[in-house]
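Structure assessment
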Amino acid sequence: MMVFVNSNNLHNMEETAVTSGKKISQKEFKNTVLEDYKLAYMSRETSYLGRREVLTGKAKFGIFGAGKELPQIALAKQFKEGDFRSGYYRDQTLMLAIGQLTLQEFFAQLYAHTDVNSEPCSAGRSMNGHFGSRSLNEDGTWKDLTKIKNSSADISPTAGQMPRLVGLAQASKVYRNNKGLEGFTNFSNKGNEVAFGTIGDASTSEGPFWESINAIGVLQVPAVISVWDDGHGISVPQKYQTTKENISEVLKGFQRDKGQNNGYEIFKVKAWDYPSLIETYEKAVKIAREEHCPVLVHVVEVTQPQGHSTSGSHERYKSKERLNWEVEYCCVRKFREFIESNNLATTDELDEIEKEAKKGVREAKKMAWESYLVPILKERDEAVAIIEQVASESTNTNFITPLLTDLKSNTEPIRKDIISTVKKVMRIVRTEQMASKSNLLTWLSDIQEKNYDKYSSKLYSEFETSPLNVEEVKAELTDELVDGRVVLRDYFDQVLETRPEVLMFGEDTGKIGGVNQSLEGLQEKYGEGRVFDTGIRETTIIGQGIGMAMRGLRPIAEIQYLDYLLYCIQVLSDDLSTLQYRTKGGQKAPLIVRTRGHRLEGIWHSGSPMGMIVNALRGMHVCVPRNLTQAVGMYNTLLKGDDPALVIEPLNGYRTKEKKPSNLGEYTLPLGVPEILMEGNDMTIVTYGSTTHIVAQAIQQLKEVGIIAELIDVRTLLPFDINHIINESLSKTNRLLIVDEDVPGGASAYILNEILTSQKGYYHLDAEPVTLTSKAHRPAYGTDGDYFSKPSVEDVFDAAYAIMNEFDEQQFPSIY
Ligand SMILES: Cc1ncc(C[n+]2csc(CCOP(=O)(O)OP(=O)(O)O)c2C)c(N)n1
C-alpha cells in the first residue's frame, strides 16, 4: 500500500511512497494514481448515466454514490480478503474498487435484473445501490470467506447496517481468542479481519448508530466506521441532525486515552484530499487490524452533486453558496487538479482517461440493458406466438387482436405487461374449447412457476440444510423429575461441549447463568468467550448475533423477556428475516434468538405480542414450546439447520418439573408439526405455549360435563402445521376453538386464517369458529390482573361450553 509520509510534499514520491513497506517506483506510483482517477471518474459517470436511465423511464428509482468516490478508493486499498463491509447505498465506488461489483452489475441492479448471475447482489430484489457479495455456494454451503472481500447485504433503513457491524467485527475477536475454532479456516485467519462500516452523517442521528458505537467500543472489536459527511440527510441540514453539527466532535469522549487500549481512535479527513485520505485509512485500518481497537473516520467536506436520489433536486434546499462550493470541492475535480499540479499526467492524458472511462460506462450500461431485456422479450415472443394461435382459432378474435397488437408493439415490455395480457386473453376465451387455449394455460403456469422463483423464492433456506429437512428423533424420557431449567442447562452444557462455534450471550446470561438459571455454571465451565454478558441493548445483541452468524459462528442471542423484543423487532424484521430473500440465497445468518415470556406479572412482563411477531418475522421460524423438553428438541433441530429462528420459552416452565430426557443432545422436534395432546370428538382446541396447560385443565373440567375436546399444541407458529393435522382433527370434531394470550385479532387471527383458508378447514365446520384471546389491553398486575386480562381455565371452559350449548341446548343448557 502507498504511504505518503508527507502529503504536502510529493516531489520525492518515489522515495516516500511504499508498497507493503517496500518502495515503489515513480512509474508504478503514477500508474496507481491514474487508475484511481479512472475509477473515480467512471464511478461518477455511472452516477450520471444511472440518473438518466431513471429520468428516461428505464429504471424506477436511482440513488448514487457521487461525491463519495475518493474516500472509498482510499478505504478500498486497505480492504483485504476476509474483511467485511456493512454499508449503505452510497458505496458503489468502494464495491467497484474491491472488485465486488462491475459496472454492468451496477446497471443490472438499476433495471432489477432477476438473474443472479447478472445481478449477484440481490437478483433484482433490492433497489439500486444495495450491495452484497455472495457467501454461499449454490448448494448453500459456505464459500471460503477468507478469500473474498465480503460485503454483508445492504438494507434501506438508515443506520440499519450498524447493529450487524457489531457482530461482524466481534467475530474476528472470537476467532482470534476462542480455542476450538482453529479449524474454522474458511471463515477467519486468526481473527485478522476488519469489519468496515459506512454511514451518512444524518443517519448518525438514529438510535442504532449510538447503540452500535457504544457496543463496539465496549467490546473493543476491529470495526472501522466511516461517516460520509455531506452536511444533509436528504434536505435536512446538520444543525437539526447532530449536536454541535459535528459527529467526531461529539464522539470525542469515545477517544481512547494514550496507551490505554480502550475506546476509539478517531480521525477526521477531507473527502477531496487524496494523499491525506490514503494516509488516514492506512493508519486507521492498521490500528483496527492489529490492535482490535475500533476506529472512526469522519470524512468531511463531502459533496452530493446529484442531490439525494432521483426523487428530488437539491437546488430546492441547498443555498447557491453551498451549490457553488460543491462544484469547486468536487472530489473528482480536486483529484484531477492534484494530479495536474504534481505533474503526474498531462491534460491530454487525463482527457484520454476520461474519454475511455465514459466509453466503458456507456458500454456496460448497454450490455446490462440488453442482457436484462432479452429474456423478457423471449417470454413476450412466446406469449405472442401462442396468443396468435388462440386468436386464429377463437370466435373472439376482434377482442384479442388489440391486446396482441399492444403487446407486440411494446419494445421494452416488463413481465407484468405479458402476464396481464395473457390473463385478459384467457378471460376472453373462457367459454371456448381449443388446443391453443390449453397451450396458453400450460405456458402461463410454467411462467408463473419461474416468476415465483424470480420474485418469491428463498424466503427461508431451500438448501439441504434447511431445518425442515431435519429428521425427527424422539425424546427418551427417564423417570427422573427435574426443574425445566435443569433440562435446558444440561442440554446447553452438551451443546457448548460439542460445538465450539456455539456462543451464548445476552443480559445476565454470563456470570449468573441467566435470570432463570438455565445456563447456571456454564460461563465458569466454558469461559467468557463462549457464554457472556452484554449491556442492556437488545438491538445490538441481535446485531452481534447476525454478524457472527454471517461469519460461520452459531450464536444463540438472548433477549431477556419477550416484551423487550420490541426493542429489536426492527433489526429482526428488516435485516435478519429478509437476508436469504434479499440475496436470493447468497447469504445466511442462522441466528437463534432465545427469549421467554407470556407469563410473569404486569404490563411489561406478561405480554404476548405474537401476531406482531409472526407478521414481522416472515423469514424466521417462530417456535413456541409449551415446556423446556420441547424447547430442547427445537434447539437441536435449529442447530442442525441453517435458518434463523426465535424460540419463546414459557416463563412458567423453568420451575415446573419435567421428566429428564436421556438423549438431550440428540432428539429433534420437527418444525411445523403440531402435537395432539388429548384426544376427543366434540371439538378441537388449538393453542400453544403457556396456555396449553390452561386449556388442558379446562378440558379435564369439560369432561365432567360430558364434553370431550381434542387438544392440539401447534408448537411452531412459523411454519404452521405443514401437514394439516388440525384440519384432520376438524374432520372428526367439526368444531374449533383457538386459545392464545395475544390481543384479539393477533396470533389467533393468524391461526384461524391458516386453518380456514390454507387448510380449507371451513368445509368441516358445523359451528362458528371461536377465538379466545386476552383482552385488548396489556395484562394488569398481580394474579387477579392476570386472571381478568388473559384467558383463564374458566374462560376456556365457558367458551367451549358455549359452542356445545349452541349445538345442543338440551344436553348443554346455559349456565349463566
Ligand atoms: C429509518 C429510515 N428513515 C428514513 C429513511 C429515508 N431516508 C433515506 S436516506 C435518508 C437520509 C440519509 O442521509 P445521510 O445519512 O446523511 O446519508 P446520505 O444519503 O446523505 O449519504 C433518509 C431520511 C430511511 N431510509 N430509513
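1. Thoughts on the overall build of the protein
Looking only at helices and strands, the protein features 27 helices and 24 strands. For 816 residues, the compact-globule formula gives about 28 Å, and the C-alpha radius of gyration of the protein, at 30 Å, lands near that figure. In terms of overall dimensions, the protein has C-alpha extents of about 100 × 85 × 50 Å along its principal axes. The burial tally for the protein puts 61% of its 816 residues in the buried class. Counting only contacts in the protein whose residues sit at least 6 apart along the sequence, the fraction spanning at least 24 positions is 78%. Roughly 32,900 Å² of accessible area belongs to the protein as shown, and the carbon and sulfur atoms make up 50% of that amount. In the protein, 92 positive and 112 negative side-chain charges are present, and the distance between their average locations comes to 6 Å.

2. Regarding the sheet that holds strand 12 (residues 502–506)
Across the sheet, 7 strands lie side by side as 13-12-14-15-17-16-22; this open sheet has mixed pairing. Sheet topology places strand 13 (531–533) and strand 22 (716–718) at the edges, where each strand pairs with a single neighbour. With strand direction ignored, the average angle separating the axes of adjacent strands in the sheet is 20°. In the sheet, strand 12 pairs with strand 14 (residues 554–558) via 5 bridges, with the strands oriented parallel. Across the sheet, Val502 pairs through a bridge with Arg554, a residue of strand 14.

3. Notes on the site of the ligand
Taken together, 17 residues lie around the ligand, and Tyr88, Tyr89, Arg90, Ser203 and His232 are the ones closest in. Here Gly200 contributes a backbone N or O atom positioned 3.4 Å from an oxygen atom of the ligand. Residues belonging to the shell around the ligand are distributed by class as follows: 5 nonpolar, 8 polar and 4 charged.

4. Comments concerning the environment of Thr684
Along the polypeptide, Thr684 turns up in strand 20 (residues 683–687). Along the chain, Thr684 and Asn727 lie 43 residues apart, while their C-alpha atoms are 9.5 Å from each other. Setting aside anything within four residues of it in sequence, one finds Thr684 in contact with Glu710, Ile712, Ser729, Leu730, Thr733, Arg735, Leu736 and Leu737. Of the polar contacts made by the side chain of Thr684, one reaches the side chain of Ser729; its length is 2.6 Å.

5. Topic: the nonpolar core
Core analysis: the largest hydrophobic core is formed by 93 residues, its most contacted members being Val224, Tyr281, Val297, Val299, Phe335 and Ile339. Among the elements that make up this core, the one with the highest residue count is helix 12 (residues 347–393) (16 residues). Sequence-distant contacts of Val224, defined by excluding residues within four places in its chain, comprise Val194, Ala195, Phe196, Gly197, Tyr281, Ala284, Val285, Ala288, Val295 and Val297. Counting residues in each nonpolar core, the second largest holds 81 residues, with Leu145, Leu165, Ile247 and Ile738 among its members.

6. Some points on the sheet that holds strand 19 (residues 675–678)
Sheets are built from strands that pair by backbone hydrogen bonding, the pairs being arranged parallel or antiparallel. With mixed pairing, 5 strands are arranged side by side in an open sheet as 19-21-20-23-24. Each having just a single partner strand, strand 19 and strand 24 (770–772) make up the two edges of the open sheet. Pairs of neighbouring strands in the sheet enclose a mean axial angle of 25°, with direction left out of account. Here 5 bridges tie strand 20 to strand 21 (residues 709–713), and the two strands are oriented parallel to one another. Following the sheet pairing, Thr684 is matched in strand 21 by Glu710. Along the sheet, helix 25 (residues 747–758) makes contact with strand 20, strand 23 (736–739) and strand 24, crossing strand 23 at roughly 150°. Of the strands in this sheet, strand 20, strand 23 and strand 24 are in contact with helix 27 (residues 793–807), which crosses strand 23 at around 165°.

7. With respect to the side chain of Gln238
Position of Gln238 among the secondary structure elements: in the loop between strand 8 (236–237) and helix 8 (247–250). On the basis of relative accessibility, which here comes to 13%, the residue Gln238 falls in the buried class. A distance of 3.2 Å separates the side chain of Gln238 from the side chain of Asp201, its partner in a polar contact. With sequence-adjacent residues up to four places away left out, Gln238 is seen in contact with Asp201, Asp229, Gly231 and Glu245.

8. Thoughts on the packing of helix 5 (residues 103–110) against helix 12
Relative to each other, helix 5 and helix 12 sit at 45°, their axes nearing to 8 Å. Compared by their axis directions, helix 5 and helix 12 come out oblique. Our pair here, helix 5 against helix 12, has a crossing hand that is right-handed. For the pair helix 5 and helix 12, the contacting residues are Leu103, Gln104, Phe107 and Ala108 in the first and Gly360, Val361, Ala364, Lys365, Met367, Ala368 and Ser371 in the second. Grouping the constituent residues of the contact of helix 5 with helix 12 by class yields 7 nonpolar, 3 polar and 1 charged.

9. Here we look at the side chain of His113
Residue placement: His113 occurs in the loop between helix 5 and strand 4 (150–151). What makes His113 buried here is its relative accessible area of 4%. In contact with His113, other than residues within four places in its own chain, are Ala108, Ser118, Glu119, Ala123, Gly124, Ser371 and Tyr372.

10. Description of the packing of aromatic side chains
For any pair of aromatic rings, the description consists of the separation of the ring centres together with the inter-plane angle of the planes. Tallying each qualifying case throughout the model produces 28 aromatic pairs. Aromatic side chains Tyr37 and Phe335 sit 5.7 Å apart centroid to centroid with 65° between the ring planes, which places their arrangement in the edge-to-face category. In this pair, Tyr37 sits in helix 2 (residues 26–55) while Phe335 sits in helix 11 (residues 331–341), placing the two residues 298 residues apart along the sequence. Take Tyr37: its relative accessible area is 1%, and that puts it in the buried class. Ring centres of Phe106 and Phe107 lie 5.8 Å apart, and the angle between their planes is 90°; this geometry places the pair in the edge-to-face category. Grouping residues by exposure puts Phe106 and Phe107 together as buried. Taken together through their ring pairs, the aromatic side chains of Tyr37, Tyr41, Tyr274, Phe335 and Phe338 make up a single cluster. In this arrangement the basic side chain of Lys58 is found over the ring face of Trp369, its NZ or CZ atom lying 5.0 Å from the centre. Residue placement shows Arg735 over the ring face of Phe807; its charged tip is 4.0 Å from the ring centre.

11. Brief notes about the pattern of salt bridges
Tallied over the entire structure, the rule returns 48 salt bridges. Between Arg551 and Glu193 there is a salt bridge, with the nearest N and O atoms lying 2.8 Å from each other. With Arg551 in the loop between helix 18 (538–550) and strand 14 and Glu193 in the loop between helix 6 (161–177) and strand 5 (195–200), this pair connects stretches of sequence that are 358 residues apart. No difference in accessibility class separates Arg551 from Glu193, as the two residues are buried. Its salt-bridge partner being Glu675, residue Arg626 comes within 3.0 Å of it at the nearest N-O pair.

Conventions we followed
Every chain begins its residue count from 1, and numbering advances along the sequence as written. Local features in this predicted model are restricted to residues whose pLDDT is 70 or higher, and side-chain atom pairs enter the listing and the counts only when it is 80 or higher, whereas totals over whole chains, interfaces and linings include all residues. The basis for every side-chain value is the complete set of non-hydrogen atoms in the structure, without hydrogens or water. The numbering of helices and of strands both runs from the N terminus, where a helix is a DSSP run of H or I of at least 4 residues and a strand a run of E of at least 2. Note that the radius of gyration is over C-alpha atoms, with the globule rule given as 2.2 Å times the number of residues to the power 0.38. Throughout this description, buried means an accessible area under 20% of the type-specific maximum (1.4 Å probe, protein chains only), exposed means over 50%, and partly exposed covers the range between. We call two residues in contact whenever any of their non-hydrogen atoms come within 4.5 Å of each other. Surface exposure here means Shrake-Rupley accessible area, sampled with a 1.4 Å probe, where a residue is shielded only by the protein chains that are shown. The charge count includes Lys and Arg as positive and Asp and Glu as negative, but it does not include His or the ends of the chains. Taken as the charge centre is NZ of Lys, CZ of Arg, CG of Asp or CD of Glu, depending on the residue. Think of it this way: DSSP has to see at least two bridges between two strands before they count as a pair. Between N-to-C directions, angles cover 0 to 180 degrees, with each direction set by a line fitted to C-alpha atoms, over the stretch in contact for helices. One heavy atom within 4 Å of a molecule or strand is enough for the residue carrying it to be called near that molecule or strand. Whenever a nitrogen or oxygen atom comes within 3.5 Å of another N or O atom, the pair is scored as a polar contact, on the condition that within protein one atom can donate a hydrogen and the other can accept it, and that pairs from neighbouring residues in sequence are kept only if both atoms are in side chains. The classification used treats Ala, Val, Leu, Ile, Met, Phe, Trp, Tyr, Cys and Pro as nonpolar, Asp, Glu, Lys and Arg as charged, and all other residues, Gly among them, as polar. Buried Ala, Val, Leu, Ile, Met, Phe, Trp, Tyr and Cys residues that are joined via side-chain atoms within 4.5 Å together make up what is termed a nonpolar core. Angular relationships are summarised with four words: roughly parallel below 35 degrees, roughly antiparallel beyond 145, roughly perpendicular across 65 to 115, and oblique for the angles in between. A crossing counts as left-handed when the near helix is turned anticlockwise from the far one by less than a right angle, and as right-handed when that turn is clockwise. Any two rings among Phe, Tyr and Trp, with Trp reduced to its six-membered ring, count as a pair given centres within 6.5 Å; such a pair is stacked if its planes are under 30 degrees apart, edge-to-face if over 60, and tilted if neither. Each ring is checked for a lysine NZ or an arginine CZ that lies within 6 Å of its centre and within 35 degrees of its normal; such an atom marks a charge sitting over the ring. Any carboxyl oxygen of Asp or Glu that lies within 4 Å of a side-chain nitrogen of Lys or Arg is treated as forming a salt bridge with it.

Without other data, these values stay purely geometric and don't point to any function.
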